[in-house]
Amino acid sequence: MELHIRLDGRKGLADQLYRQLRAGIDSGHLAAGTQLPPSRLLAEQLGVSRKTVAEAYSRLTYDNLLSGVVGRGTFITPRQPVSVSDTQAIPLAAADSLQRWQQRATVLARRTLQAPSRYDFVGGASTKAQFPFDQWRSCLNYALRRSQRHPERQFPAQGLPELREAIAHHIAYARGVHCSAADVLVCNGAQQALDLIARVLIEPGCQVAMEDPGYPPARQLFLALGARLQSVPVDDQGMCVEQIAQGTRLIYVTPSHQFPLGMPMSEGRRQALLARAAELGALIIEDDYDCEFRYHGPASDALQRLDRHGLVAYVGTFSKTLLPELRLGYAVLPAAVLQAACVAKHLTDWHSPTLLQWALARFISEGHLNKHIRRCHDIYSARRERILSRLEGDLAPWFRAVPASAGFHLSALAQPQVDVELLANLARKVEVGLYSLAPFYHEVPVRPGLLMGFGAIELLDIDPALDRVVDTLQRLS
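Residues numbered from 1 in each chain as written. Predicted model: local features only at pLDDT ≥ 70, side-chain atom pairs only at ≥ 80, totals over all residues. Heavy atoms only, no water.

A. Geometry of the nonpolar core. In terms of nonpolar packing, the biggest core is built from 64 residues, with Phe121, Phe318, Leu360, Phe399 and Leu434 touching the most fellow members. Here this core takes seven residues from helix H14 (residues 368–391), the largest share from any one element. Within the second largest apolar cluster, 31 residues are counted, among which are Cys187, Ala193, Leu201 and Cys342. (Core = buried A, V, L, I, M, F, W, Y, C linked by side-chain atoms within 4.5 Å. Buried < 20%, exposed > 50% of the residue type's maximum accessible area, 1.4 Å probe, protein only. Helix = DSSP H or I, 4+ residues; strand = E, 2+ residues; numbered from the N terminus.)

B. Molecular detail of the packing of helix H1 (residues 13–27) against helix H3 (residues 50–62). Direction vectors running N to C along H1 and H3 enclose 45°, while the axes themselves pass 8 Å from each other. Classified by the angle between their axes, H1 and H3 sit oblique to one another. Judged by the twist between their axes, the crossing of H1 over H3 is right-handed. Of the residues in H3, those touching H1 at Leu13, Ala14, Asp15, Leu17, Tyr18, Leu21 and Arg22 are Thr52, Val53, Glu55, Ala56, Tyr57, Arg59 and Leu60. Considered class by class, the residues forming the contact of H1 with H3 number nine nonpolar, one polar and four charged. (Axes fitted to C-alpha atoms, helices over the stretch in contact; angles between N-to-C directions. Parallel < 35°, antiparallel > 145°, perpendicular 65-115°, else oblique. Left-handed = near helix turned anticlockwise from the far one by under 90°. Contact = heavy atoms within 4.5 Å. Nonpolar A, V, L, I, M, F, W, Y, C, P; charged D, E, K, R; others polar.)

C. Fine view of empty space enclosed by the protein. Taken as a whole and assessed by the stated rule, the structure comprises two cavities of 30 Å³ or more. Considering only enclosed or pocket space, the largest cavity measures out at about 60 Å³ in volume. Residue lining of the largest cavity: Ile171, Arg175, Asp288, Tyr289, Asp290, Cys291, Glu292, Tyr314, Gly316, Thr317 and Tyr330, and that is the complete set. Here the lining of the largest cavity takes three residues from strand E11 (residues 312–317), the largest share from any one element. If you add up the space inside the second largest cavity, you get close to 40 Å³. Lining the second largest cavity are Leu391, Leu395, Phe399, Leu434, Leu450, Met452, Leu466 and Val469. In terms of residue class, the lining of the second largest cavity is built from eight nonpolar, no polar and no charged. (1 Å grid on protein atoms, 1.4 Å probe; cavity = no way out; pocket = protein on both sides within 12 Å on 5 of 7 lines; lining within 4 Å. Points joined across faces, edges and corners; volume = space filled by probe spheres on them.)

D. Highlighting the packing of aromatic side chains. Evaluation of the coordinates by the stated rule reveals 16 aromatic pairs. Arranged with centres 6.3 Å apart and planes meeting at 15°, the rings of Phe131 and Phe363 form a pair that is stacked. Highlighted residues: Phe131 in the loop between strand E4 (119–120) and helix H6 (133–149) and Phe363 in helix H13 (residues 354–365), separated in sequence by 232 residues. For the pair Phe131 and Phe363, a shared accessibility class is recorded, and that class is buried. The positively charged end of Arg59 is found above the aromatic ring belonging to Tyr18, 3.9 Å away from the centroid. (Phe/Tyr/Trp six-rings, centres within 6.5 Å; stacked < 30°, edge-to-face > 60°. Lys NZ or Arg CZ within 6 Å of the ring centre and 35° of its normal.)

E. Region of the structure containing the sheet that holds strand E5 (residues 184–187). If you walk across this open sheet you meet the eight strands as E5-E12-E11-E10-E9-E6-E7-E8, and the pairing is mixed. Strand pairing shows two members of the sheet lacking a second neighbour, E5 and strand E8 (238–239), which therefore form its edges. Bridging between strand E9 (residues 248–253) and strand E10 (residues 283–287) involves four bridges; their strand directions are parallel. Paired with Tyr252 across the strands is Ile285, a residue of E10. (Pairing = 2+ DSSP bridges.)

F. Inspection of the environment of Gly176 at higher detail. Along the chain, the position of Gly176 falls in the loop between helix H7 (161–175) and E5. We classify Gly176 as buried; its relative accessible area is 11%. Expressed as a C-alpha distance, the spacing of Gly176 and Arg305, which sit 129 residues apart in the sequence, is 6.6 Å. Those residues in contact with Gly176 that lie beyond four places of it in its chain are Ile171 and Arg305.

Encoded structure:
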């Protein structure tokens, strides 16, 4: 690859070369440690004498910007880049729109910028210690071989047929979802599934209802698309369906494990929700984000299984059951929505990564996913029981657990005397990551408490972490 240099005329060539190389080094475009072409080769490329290049190199070496290594060549010396931009920004006509998007950053996005604590009760995260890397590596190798001999250059936006078939079988087995491969749309995580559904349903000014407290990225997505958002409160049976406003077009719920509080939606409330959606002609997005992990009581069917009118879009993800880096999710869509969502998917990114789709289809079909879930279930169950025993024991004067039977986080409501925000700040100073429920509320009055994830903390770390929390609470008392 040739070094990009442009010389004008035939005078002052060494100076031109020096200034262009220096500008590239100062700006960081020519990174520290980069090897420059030998003076003879660069002279041939530029059509100048070797003396010209040697003079420019000599000046840069004198400025301590280049250094020569005997037998290896000439390299750029490590240093702090200096901004040398000669452009003057002009305010864009779309500045207001850009500002609105910048303000959509959510609490979950900000958390990723924080360094994890030694003992971290972060929600929605799992450890990599349980992931079967050897089996996944084998499936990736299969995908590479498949790609090598695959004659196609174009792949369906809806997803590879073998992965959609594997997903349909898995969620029918694990969650009771009623679907076939033809109903499944493969997405880049559950968040893209939410985006595609909302994109084809929401127009500026239309009404969307969602739980409050609820999932901030969904809320911000709907607002960004121009929706008028109704915050519907939840009680111990789930979303208060009777409060969903007339004219609502889209309803977002987490019925199996309400986010963030954790209680499941009762059977009667589910039937009422389906009836209300039928009255309104509204589509329900059922976000079933982590309900493959269930700990007690009879398994509740997905809301989608009760749907008889094509009103439920079921959304799931592999980012929580497997690896967050995988970024593969799916949506089971009613016929009325599927084709439009596939068009939106094609216009967004053509299709999800084919190599990962082949690998995941193989991983599921060979039984690795179910084995992984069973293994994680036992691990998460032990962690959950340990946290609950502490909440019912020495933490009981300050917190009360919200009843929940699924997922890998639980919520603990605080007693009136507890300042949750202060507790979280003080806990971080003793290397414990605690997370308040307050940021998940939008309009409904906040019920102070903690969201306590147990996917990313080891069992043996729970007691030392909660001992520090108890000490902190006693000092605050």
